[in-house]
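# Understanding the architecture of this molecule
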Protein chains: 2
Amino acid sequence: MTLHPQEIEARFRRQAVRVTRQRAAIYAALVETTSHPTAEDLYRMVTRQHPTMSRNTVYYTLGVLRKAGLLQEVNVGHEVARFDGNVTMHHHLVCVQCSRIEDVMDQELDRLEISARQARGFHVLGHRVEFHGYCVSCRAGRREASPSQG
Amino acid sequence: MTLHPQEIEARFRRQAVRVTRQRAAIYAALVETTSHPTAEDLYRMVTRQHPTMSRNTVYYTLGVLRKAGLLQEVNVGHEVARFDGNVTMHHHLVCVQCSRIEDVMDQELDRLEISARQARGFHVLGHRVEFHGYCVSCRAGRREASPSQG
DNA sequence: TACCTAGACAGGAATGATTCCTACATAGCA
DNA sequence: TGCTATGTAGGAATCATTCCTGTCTAGGTA
């Protein structure tokens, strides 16, 4: 999804986030991809247009935008943090081989609940379902390499 | 759950894992708690009885036991790795304030599936549901501090 | 039972994502 | 247009984890 600069600015102002060229560039890069990039990925994407931007700014900005609810952090396994410009409730498919992450929108999964007994006194705010498996390209690789393991 | 040394040894041998005092101590500490400890937590627990054990051995052993299917890594948010001696399928309640993790056993959650369309060609192996909220003690703290925010 | 050797252990160095620090720059308001 | 709180750049620091290397030992064998 490509976003007009005015739309980015509007979203920032709605959340009382100061508008700077760096922030707009980082947010635009994130919203324009569905690949759940890492901070380092975003740094590389953004420094093409803004060669002087520092990693620090990327980390700082990601923190600001997260607190403002303009992005969410997606953490899969014990890997580096990844970011998602889609802040609506959704779930993930994760490839156990290449770490690719794809979004799953499914209202049935959104409605999951647990009983009070199971909740152990927790005040539950939300939930997330993570499906693990092999993505299309890794399945293909495995089929060639070892047919019995797929 | 307290485990007899013989039972630990039996489990190791069943998975062709060499039996050493260090490994038995680490595994026993993990299985005896429900707190999903970090590697550092386990290091502290285990060095009480084995003061010369190195962190390296803890990390190495956790890797060995994970590959053998004797424990699983639980990763919540973008925090340090935590470990769980419960290797049966289960789900988690996570406190967004203090990071406490509690297990949820629920066969309905175990049976979740997604449609082929949603699966995007993934070969799904399993899934995990994570519920986020405030645990009992953090709810209590919040009630005192700011009644309208709970 | 003593010996052998692949694999395990200890401890220190290295790595790498993330955070901290600080001086300079700028968004947004008066 | 000027002021000031906040953002930015860049380098240093942090810290969980991994790597390296020289002993040590579990578990099989003679």
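Notes on the structure follow. Predicted model, so just to flag it, every value in this text is computed and none were measured.

## Comments concerning the relation of the copies chain B and chain A
Aligned on chain A, chain B shows an RMSD of 0.1 Å; the corresponding rotation is 180° and the shift along the axis is 0.0 Å. Taken together, the rotation and translation describe the operation of a two-fold axis. Distance from the rotation axis, computed per C-alpha, reaches its smallest value in chain B at Val-129 of chain B: 2.3 Å. Interface residue correspondence from chain B to chain A reaches 100%, placing this contact among same-surface, isologous pairings.

## Description of the protein's contact with DNA strand D
DNA strand D sits among 20 residues. The nearest are Thr-20, Asn-56, Thr-57 and Tyr-60 of chain A together with Tyr-59 of chain B. Counting only the atoms of DNA strand D that lie within 4 Å of the protein, the sugar and phosphate share comes to 71%. Side-chain polar atom of Arg-13 of chain B to a phosphate oxygen of DNA strand D: 3.4 Å apart, as the coordinates give it. Ala-81 of chain B places a polar main-chain atom, nitrogen or oxygen, 3.0 Å from a phosphate oxygen of DNA strand D. It is helix 4 (residues 55-67) of chain A that provides the largest number of residues to the surface near DNA strand D, a total of four residues. Broken down by class, the residue content of the surface near DNA strand D amounts to seven nonpolar, nine polar and four charged.

Rules used in this analysis
- Residues numbered from 1 in each chain as written.
- Chains lettered and ligands numbered in written order.
- Predicted model: local features only at pLDDT ≥ 70, side-chain atom pairs only at ≥ 80, totals over all residues.
- Heavy atoms only, no water.
- Least-squares fit on C-alpha atoms with pLDDT ≥ 70 in both.
- Contact = heavy atoms within 4.5 Å.
- Near = heavy atom within 4 Å.
- Polar contact = N/O pair within 3.5 Å; in protein donor to acceptor, adjacent residues only side chain to side chain.
- Helix = DSSP H or I, 4+ residues; strand = E, 2+ residues; numbered from the N terminus.
- Nonpolar A, V, L, I, M, F, W, Y, C, P; charged D, E, K, R; others polar.

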